[in-house]
Amino acid sequence: MYILEDFLLSLQDFLVSRKEYDHNIIRKHTKKLDELGEISFPLCINKWSTLIDNKNVAHVGITTILQYKYPKSDKDSLLNILITESSNWKIQIKQINVKNNDAHIFFNKSFDLFRVVIQDVLEHSDTYGFSDIIKNNVIIKISPNIESSDINQLDLTNLRLKLLKDISTNFIMQNTSKSTSNTCNVYLVLNPVEKDKKTILCGPVVNEKSVKSTYKASELYKKRSADMRMMAQHKYGIQVKLNPSWENYFDNLGTGSVTIEMLTNKPQKSIKITPNDLQSANKGAAFIFYNCARLSALFKEFDKRVSMREYPELPNCNDIDFSLLKQPEEWELFYVYIIQFPMVIKSCIKDVEKGIINPQHLIYFLSNLSSSFSIYYRRVRILTNPKEHMFSIIHARIYLLKALQCVFHNSLRLLNVDPVREM
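Student: Please set out the overall build of the chain residue by residue, giving values where relevant.
Tutor: When you go through the chain residue by residue, the secondary structure sums to 13 helices and 9 strands. A compact globule built from 423 residues would reach a C-alpha radius of gyration of about 22 Å, and the chain, at 24 Å, matches this within 12%. The principal-axis extent of the C-alpha atoms belonging to the chain is close to 70 × 70 × 45 Å. Long-range contacts, defined here as pairs at least 24 residues apart, represent 73% of the contacts in the chain between residues at least 6 apart. Charge separation in the chain, taken as the distance between the mean sites of 55 positive and 45 negative side-chain charges, equals 4 Å.

What follows is the structure, encoded as structure tokens:
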């Protein structure tokens, strides 16, 4: 169990004596953290009807969830008790504000919390964010069966079907319990099938007239590759050499871009691809790739300066002063994109055995992550002049961004995209 999920279960146990978390009553914030806090929950008892004994509530006559277990205590006393109780949790509560009948929880941004989480991320590296949430061996079967078809000759709707199958299989492989013995078949289809089968419906790819597209996969891959090359040259200033390695590089980026576009919408919804405006849809993927590459370039430059003895070598994580990470973007990157990453992965695949997948959650996550990191990268100079009093904060930021890189790379691998190291 990851640290944020552990906190949420502890909070729910305090409120209603139930340790389960598969609902949206307790909200995880991703924006305006200074104003809204990291977590909020409604105080009105009626909002908790699915998790409480409603008959008991009606009999006692309580109105707030804080009084569910402690009907004779007042709200302010209970909020203080909750803060005190959290001192025994892995994440501690600093304060709780009440606004519009919601309780807003602000975490204690301790250096120890940074250390524990970053160590965990770097220790698990390629497996960080994944967990044994799928209890059966789920096999995705597609209809029509196009497994043996030449992918380049598929129309875009069948290409989307194939990509959904491949990416869903990646999620399943990374999140299935190792002790599973039972098998569950889930059918990924273009048209509804028998009601007794667990199915995921794949919506069509349509053109500007909302008619099913007749484009071939090969045409889209070729266009995407050309778009990625053009963006790299003009927007990002990359000097592209005419050799096979660069051709292969942009082909891979183009393939990754197609995957990201195809998964941007809910699987059952149609997705529009306009043949004369393919470039605009490619910008989101290019921005993700560019910011992933930024991290690799940053670490390469750091290592270069270490080798030149401008910077000292990176100390052990236990010796890092994470209290120096005081920029608001640093806490946002840490809380929203590192700590919450495992729960984003869980939201994508936890209901696959019911015939529900949500890979679009990961696409939105990557897009927002890229935006937040880009803002931070532009505003904060990470590799400063080699002055001794700056080394400690440089090292703290390098560790934070190494953990962030793990999140980037694990996300892209799920999408069958090789981690982008230069662009």
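Student: Break down the pairing of strand E3 (residues 93-99) for me, citing the residues and quoting the values.
Tutor: Across 6 bridges, the pairing between E3 and strand E4 (residues 102-107) is antiparallel. From the neighbouring strand, Lys-99 faces E4, where its bridge partner is Asp-102. What sits between the antiparallel neighbours E3 and E4 is a turn of 2 residues, in which Asn-100 has the positive phi angle 50°.

Student: Outline the sheet that holds strand E7 (residues 199-201), supporting the account with residue identities and numerical values.
Tutor: Sheet strands pair by backbone hydrogen bonding; their relative direction is either parallel or antiparallel. What the 3 strands build is an open sheet, ordered E5-E6-E7; its pairing is parallel. The outermost strands of the open sheet, each flanked by one partner alone, are strand E5 (137-143) and E7. Direction aside, neighbouring strands of the sheet carry axes that sit 25° apart on average. For strand E6 (residues 183-189) and E7, the ladder comprises 3 bridges, and the chain directions are parallel. Its bridge partner lying in E7, Leu-188 is registered against Ile-200.

Definitions and cut-offs
Residues numbered from 1 in each chain as written. Predicted model: local features only at pLDDT ≥ 70, side-chain atom pairs only at ≥ 80, totals over all residues. Heavy atoms only, no water. Helix = DSSP H or I, 4+ residues; strand = E, 2+ residues; numbered from the N terminus. Rg over C-alpha atoms; globule rule 2.2 N^0.38 Å. Contact = heavy atoms within 4.5 Å. Lys, Arg positive; Asp, Glu negative; His and termini not counted. Charge placed at Lys NZ, Arg CZ, Asp CG, Glu CD. Pairing = 2+ DSSP bridges. Axes fitted to C-alpha atoms, helices over the stretch in contact; angles between N-to-C directions.

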